[in-house]
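Survey of secondary and tertiary structure
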Amino acid sequence: MENEAGKSASRDITVKADGIYGISDIGSMQVDQPKDLLAGLTFAPGVELQKVEIEQDGQRSEIADPHSYTPEYPGECSFIFTVKVKDDNTTEVRADNVTIKPLEYKAIEIENINPEDLMPELEI
């Protein structure tokens, strides 16, 4: 399309659809607490999940069962969802900056312990 001065401009626009909706809702997790990484996700028609991986501390590994993933280590991580689209190409969709919280620490309170109660066979 030209303007009054006979000048025109064009621009290429690339529209990209990842094919997974709800990926930003993964939220935080906690060590030893199972979580369904696929709960709340919706896949666009023709999009098929190939695998789910976790990337933490520079290491990337596949998650065997993304419906019941139990984190082992605390810290920041990313989840990578590899999907196949209609034309048999694969693409990766990432959920970055997911926090895995450490186990909660509860100190044991020790009061009024009689050593004889612990080991009655010893003479003190």
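Described in the following lines is the structure provided in the data block. (Residues numbered from 1 in each chain as written. Predicted model: local features only at pLDDT ≥ 70, side-chain atom pairs only at ≥ 80, totals over all residues. Heavy atoms only, no water.)

**Description of the packing of aromatic side chains**
Applying the stated rule across the entire model yields 1 aromatic pair. For the ring pair Tyr69 and Phe79, a centre distance of 5.9 Å and an interplane angle of 80° mean the geometry is edge-to-face. Of the two residues, Tyr69 is situated in the loop between strand S5 (59-62) and strand S6 (75-84) and Phe79 in strand S6; the sequence distance between them amounts to 10 residues. Judged by its relative accessible area of 12%, Tyr69 falls in the buried class. A residue is classified by how much of its surface remains accessible, and Phe79, at 0% relative accessible area, is buried. (Phe/Tyr/Trp six-rings, centres within 6.5 Å; stacked < 30°, edge-to-face > 60°. Helix = DSSP H or I, 4+ residues; strand = E, 2+ residues; numbered from the N terminus. Buried < 20%, exposed > 50% of the residue type's maximum accessible area, 1.4 Å probe, protein only.)

**Points about the pairing of S6**
Across the 10 residues that make up S6, a large majority, 7, are buried. In terms of strand pairing, S6 meets strand S7 (residues 90-101) through 9 bridges, oriented antiparallel. Bridge pairing in S7 links Lys84 to Thr90. The hairpin turn running from S6 into S7, its antiparallel successor, is 5 residues long, and Asp88 in that turn takes a positive phi close to 65°. (Pairing = 2+ DSSP bridges.)

**Some words on the nonpolar core**
In terms of nonpolar packing, the biggest core is built from 22 residues, with Ile23, Ile26, Leu37, Phe79 and Phe81 touching the most fellow members. Taken together, the elements giving at least two residues each to this core come down to strand S4 (48-56), S6 and S7. Not counting residues within four places of it along the chain, the set of residues in contact with Ile26 comprises Lys35, Leu37, Phe79, Phe81, Ala95 and Val98. (Core = buried A, V, L, I, M, F, W, Y, C linked by side-chain atoms within 4.5 Å. Contact = heavy atoms within 4.5 Å.)

**Some points on unusual backbone geometry**
At Asp57, a residue that is not glycine, the phi angle is positive and equals roughly 55°. Looking at the secondary structure, you find Asp57 in the loop between S4 and S5. Of the residues examined, Asp57 reaches a relative accessible area of 71% and is grouped as exposed. Of note in the backbone geometry, Asn97 takes a positive phi value of approximately 60° without being a glycine. Among the secondary structure elements, Asn97 is positioned in strand S7.

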